[in-house]
Amino acid sequence: MREIELKVLDPRVGEAFPLPEHATDGAAGVDLRACLDMPLTLHPGETRLIGTGIAIHIGDKGLAAVLLPRSGLGHKHGIVLGNLVGLIDSDYQGEVMVSCWNRGEDTFTIQPGERIAQMVFVPVVQARFRVVGEFESSERGGGGFGSSGRH
Ligand SMILES: O=c1ccn([C@H]2C[C@H](O)[C@@H](COP(=O)(O)OP(=O)(O)OP(=O)(O)O)O2)c(=O)[nH]1
Ligand SMILES: [Mg+2]
């Protein structure tokens with residue numbers, strides 16, 4: 001298991017609000033909690049940026065973190081991410097923020113400390129580009145967007 005530096009920005013984290021951790025042995029993500037002072041009601045179509053009360057510094061350019069919706073919130077209540085997927089750079093040291101979007105048709109109230117998203121660490125390959133005039137031919141070539149048919 002990798003160790004990632006974490007700063008507690010709100011004293012409730014680690015006390016009233018548990019620190020993020022993999023909930024089971026095989027869990028891919030760690031849940032992030034809404035560091036709110038009071039319940040926050042999201043009306044249909046509304047998006048709000050919510051702090052998590054933590055900062056992380058990944059500090060390894062071969063690693064990043066992605067923020068993803070929680071399945072239950074997204075499927076049952078329409079609470080997903082305003083940026084669809086959040087990306088945390090390895091050199092980011094600010095508070096981890098979650099853009100919460102109510103894409104549903106009902107209002108939804110987020111409670112302080114509620115788990116609103118999950119964060120997954122992923123490997124990253126940085127690339128530089130070498131400009132060429134022609135590519136070596138490949139089986140696919142330029143075909144895409146359903147070029148191989150539907151079945
Ligand atoms: O859901 C998110 C997405 C991003 N970030 C933070 C970490 C990330 O490293 C930084 C920049 O994110 P990104 O590059 O996606 O945003 P941008 O709009 O391109 O901003 P910038 O100009 O600062 O790169 O914002 C979050 O806290 N939550
Ligand atoms: Mg950016």
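Residues numbered from 1 in each chain as written. Chains lettered and ligands numbered in written order. Predicted model: local features only at pLDDT ≥ 70, side-chain atom pairs only at ≥ 80, totals over all residues. Heavy atoms only, no water.

Undergrad: Describe the pattern of salt bridges, and please don't skip the residues or the numbers.
TA: Side-chain pairs of opposite charge can arise whenever the charged atoms involved come near each other. Scanning all chains against the criterion turns up 6 salt bridges. Close ionic contact of Arg-2 with Asp-60 constitutes a salt bridge, the shortest N to O distance being 3.0 Å. In this pair, Arg-2 sits in the segment before β1 (5-8) while Asp-60 sits in the loop between β4 (47-57) and β5 (63-68), placing the two residues 58 residues apart along the sequence. Taking relative accessible area as the criterion, Asp-60 reaches 26% and is therefore assigned partly exposed. Between Arg-70 and Asp-31 there is a salt bridge, and its shortest N-O distance comes to 3.8 Å. Placement of Arg-70 in the loop between β5 and α1 (71-77) and of Asp-31 in strand β2 (residues 30-33) is noted, with a sequence separation of 39 residues between them. Taken together, the salt bridges that share partners define one network made up of Asp-10, Arg-12 and Asp-37. (Salt bridge = Lys/Arg side-chain N within 4 Å of Asp/Glu carboxyl O. Helix = DSSP H or I, 4+ residues; strand = E, 2+ residues; numbered from the N terminus. Buried < 20%, exposed > 50% of the residue type's maximum accessible area, 1.4 Å probe, protein only.)

Undergrad: How would you summarise the pairing of strand β8 (residues 95-102) if you had to cite specific residues and measurements?
TA: Bridge analysis of β4 against β8 gives 6 bridges, and the strand direction is antiparallel. Its bridge partner lying in β8, Ile-50 is registered against Val-98. Bridge analysis of strand β6 (residues 79-81) against β8 gives 3 bridges, and the strand direction is antiparallel. Bridging from a neighbouring strand, Leu-81 pairs with Cys-100 of β8. (Pairing = 2+ DSSP bridges.)

Undergrad: Tell me about the pairing of β5, and please be specific about residues and values.
TA: With respect to burial, β5 is a largely interior element, 5 of its 6 residues being buried. Where β5 and strand β10 (residues 115-123) come together, 6 bridges link them in antiparallel fashion. When the sheet's bridge partners are listed, Leu-67 is paired in β10 with Met-119.

Undergrad: Pulling in residues and values, what's your account of a nonpolar patch on the surface?
TA: Among the surface-exposed residues, Leu-6, Val-8 and Leu-19 lie close enough to one another that they form a single nonpolar patch of about 230 Å² accessible area. Looking at where Leu-6 falls in the secondary structure, it is placed in strand β1. According to the relative accessible area criterion, Leu-6 is partly exposed, its value standing at 35%. (Patch = residues over 30% accessible without salt bridge, like charges linked within 9 Å, V, L, I, M, F, W, Y side chains within 5 Å. Areas by Shrake-Rupley, 256 points an atom, 1.4 Å probe, with all protein chains shown as cover.)

Undergrad: Tell me about the side chain of Asn-102, and please be specific about residues and values.
TA: Inspection of the secondary structure puts Asn-102 in strand β8. Here Asn-102 falls in the buried class, since its relative accessible area comes to 0%. Engagement of the side chain of Asn-102 in a polar contact is seen with the backbone oxygen of Leu-42, the distance being 2.9 Å. Side-chain polar atoms of Asn-102 contact the backbone oxygen of Asp-106, separated by 2.8 Å. (Polar contact = N/O pair within 3.5 Å; in protein donor to acceptor, adjacent residues only side chain to side chain.)

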